[in-house]
Amino acid sequence: MGDKFGQLKVTVVKGKRLVIRDFKSSDPYVILKLGNQTAKTKVIHSCLDPVWNEEFDFSFSEPAEVLKLQVFDKDRFKADDKMGNAHLSLQPLVASARLRKILGIASEGTTLRKVIPESDNCLAADSSINWVNGEVVQDVWLRLCEVESGDIELKIKLINLPSAAPSK
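Definitions and limits used
Residues numbered from 1 in each chain as written. Predicted model: local features only at pLDDT ≥ 70, side-chain atom pairs only at ≥ 80, totals over all residues. Heavy atoms only, no water. Helix = DSSP H or I, 4+ residues; strand = E, 2+ residues; numbered from the N terminus. Contact = heavy atoms within 4.5 Å. Core = buried A, V, L, I, M, F, W, Y, C linked by side-chain atoms within 4.5 Å. Buried < 20%, exposed > 50% of the residue type's maximum accessible area, 1.4 Å probe, protein only. Salt bridge = Lys/Arg side-chain N within 4 Å of Asp/Glu carboxyl O. Expected span 1.5 Å × (residues − 1).

Caption draft 1: The environment of D75, seen in detail. Mapped onto the fold, D75 is located in the loop between β5 (66-73) and β6 (81-89). Aside from chain neighbours lying at most four places away, what touches D75 is D22, D80 and D81.

Caption draft 2: A look at the nonpolar core. With 41 residues, the main nonpolar core has L8, L69, L142, I152 and L154 as its most contacted residues. If near-sequence neighbours (up to four positions away) are discounted, L69 is found in contact with V30, I31, L32, N85, A86, L142, L144, I152 and L154.

Caption draft 3: Fine view of the pattern of salt bridges. With the rule as written, the count across this model stands at nine salt bridges. With a closest N to O distance of 3.0 Å, R17 and D151 form a salt bridge. With a gap of 134 residues between them, R17 in the loop between β1 (4-16) and β2 (28-34) and D151 in strand β10 (residues 151-159) connect regions that are remote in the sequence. Under the relative-accessibility criterion, R17 is labelled partly exposed at 42%.

Caption draft 4: Local environment of the environment of K33. On the secondary structure map, K33 appears in strand β2. Residue classification places K33 among the partly exposed residues on the basis of a relative accessible area of 35%. Counting along the chain gives 99 residues from K33 to V132, while the straight-line C-alpha distance between them is 25 Å. Ignoring sequence-local partners within four residues, the contact set of K33 consists of T38, V66, L67, K68 and Q70.

Caption draft 5: Looking closely at helix α1 (residues 91-103). Taking 1.5 Å of rise per residue, the 13 residues of α1 would be expected to cover 18 Å, and the 18 Å separating its terminal C-alpha atoms lies within 8% of that figure. Along α1, the residues that are buried comprise P92, L93, V94, S96, A97 and R100. Directly beyond the C-terminal end of α1, a positive phi value near 70° is found at G104.

Okay, here's the thing in structure tokens:
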């Protein structure tokens with residue numbers, strides 16, 4: 001790991017159009033990974049459009065890492081079924097936080113950057129990075145890979161930023 005940069009709050013908001021892995025539905029949950037840190041949501045039973053609204057804290061280091069997530073179907077008597085995975089580069093979020101500090105932007109609701117779907121992320125649509133309540137915030141819809149369908153909505157906040165860029 002590199003230099004400590006701050007705290008990352010990730011809210012797993014909801015999923016939509018998740019795939020069926022049981023007879024008529026699925027019992028989905030999400031596992032988030034950032035570096036060697038892992039977090040898991042609760043299981044939502046019999047639902048293909050689950051709402052979690054669960055918030056997780058991660059320590060964040062430089063260089064910027066990739067946030068990874070996996071969705072599984074909870075099974076009782078066998079291994080849990082995979083329902084897809086996604087990843088998101090945190091570099092645009094970090095660059096936006098640095099830009100905000102350098103320019104001294106303090107206006108509530110200022111859009112710092114727009115991120116478009118590319119190969120280094122699994123964005124389902126364009127995503128804006130904004131300055132909200134003293135935090136750099138990105139709302140994203142991630143398209144699940146290696147599966148027929150499914151999207152996951154996350155809200156990512158970068159907080160507790162140091163006053164200067166980390167030294168190398």
